[in-house]
Amino acid sequence: QVQLVESGGGLVQPGGSLRLSCAASGLTLYAVRWLRQAPGKEREGLSCISSSGDRAYYENSMKGRFTTSRDNAKNTVYLQMNSLKPEDTATYFCAAARGGCLSTTDYWGEGTLVTVSS
C-alpha cells in the first residue's frame, strides 16, 4: 500500500499563500488529486495532475488561485495556494490514482490542516 504524507499546512492570514506537499515512495506511477474538507461540509475535489505532470485539471472555482505541480525525482506533488480566503480553511488531502485523473482513487493521505484567519 502507498503511504501518502501531506505537509505544509498551518495558519496564514487572508491574502497569504501556502504550498502543500504530498510525498510517497513510487508516486511517479500515479495521478494525484488534491481535495479538502471543512468542518460540517462534504469533501471537495480541487485538482488532479497526471502521473507525468503533463496535464493538470482544476475545479472551476480554484482556477487562478491554486496550482498543482510535481517533481517526480522527489516523488512529490505540490499544491500552491495563493490569495487565500477564510473560506479556504479546511483539512487538505492528497489522493493517488494509478489509472489516471479519470479513474477512481486508490490511496489517501491523512490530511494537513490549513487555517486562514487574521
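Let me begin by describing the structure that accompanies this report. (Residues numbered from 1 in each chain as written. Predicted model: local features only at pLDDT ≥ 70, side-chain atom pairs only at ≥ 80, totals over all residues. Heavy atoms only, no water.)

Inspection of the secondary structure assignment puts Ser47 in strand 5 (residues 44-49). Beyond its immediate chain neighbours, meaning those up to four positions away, Ser47 contacts Val32, Arg33, Trp34, Tyr57, Tyr58, Thr68 and Leu79. (Helix = DSSP H or I, 4+ residues; strand = E, 2+ residues; numbered from the N terminus. Contact = heavy atoms within 4.5 Å.)

Bringing the nonpolar core into the picture now. If you look at soluble globular proteins, the nonpolar side chains tend to sit buried side by side. In terms of nonpolar packing, the biggest core is built from 26 residues, with Leu27, Met81 and Tyr92 touching the most fellow members. Counting residues per element, the ones that place at least two in this core are strand 3 (18-23), strand 4 (31-37), strand 5, strand 8 (76-81), strand 9 (90-97) and strand 11 (112-116). By residue number, the principal contributor to this core is strand 9, which donates 4 residues. The residues contacting Met81, other than those within four sequence positions of it, are Gly16, Ser17, Leu18, Leu20, Arg65, Phe66, Tyr92 and Val114. (Core = buried A, V, L, I, M, F, W, Y, C linked by side-chain atoms within 4.5 Å. Buried < 20%, exposed > 50% of the residue type's maximum accessible area, 1.4 Å probe, protein only.)

Our focus in this paragraph is the sheet that holds strand 8. Two pairing modes exist for strands in a sheet, parallel and antiparallel, and in both the strands are linked by backbone hydrogen bonds. Taken together, 4 strands build an open sheet; the order of strands is 1-3-8-7 and the sheet is antiparallel. Single-partner strands in this sheet number two, and they are strand 1 (5-7) and strand 7 (66-71). In this sheet, neighbouring strand axes are inclined to one another by 20° on average, regardless of whether the strands run parallel or antiparallel. Alignment of strand 1 against strand 3, held across 3 bridges, turns out to be antiparallel. Opposite Glu6, over in strand 3, you have Cys22 as the bridge partner. (Pairing = 2+ DSSP bridges. Axes fitted to C-alpha atoms, helices over the stretch in contact; angles between N-to-C directions.)

Bringing the side chain of Asp88 into the picture now. Structurally, Asp88 is set in the loop between strand 8 and strand 9. Within the local environment of Asp88, its side chain forms a polar contact with the side chain of Arg65, the two groups lying 2.7 Å apart. Setting aside its immediate chain neighbours within four residues, Asp88 contacts Arg36, Arg65, Phe66, Ser83, Val114 and Val116. (Polar contact = N/O pair within 3.5 Å; in protein donor to acceptor, adjacent residues only side chain to side chain.)

Right, let's get into the state of the cysteines. Throughout this description, disulfide means a covalent bond between two cysteine sulfur atoms. If you walk through the whole model with that rule in mind, you get 2 disulfides. Two residues, Cys22 and Cys94, share a disulfide whose sulfurs are 2.1 Å apart. Judged by the sign of its S-S torsion, about 75°, the cystine formed by Cys22 and Cys94 is right-handed. With a gap of 72 residues between them, Cys22 in strand 3 and Cys94 in strand 9 connect regions that are remote in the sequence. Accessibility expressed as a relative area gives 0% for Cys22, which makes it buried. Here Cys48 is linked by a disulfide to Cys101, with a sulfur-sulfur distance of 2.1 Å. Negative torsions about the S-S bond denote left-handed disulfides, and the value of about -95° found for Cys48 with Cys101 makes this one left-handed. (Disulfide = S-S within 2.5 Å.)

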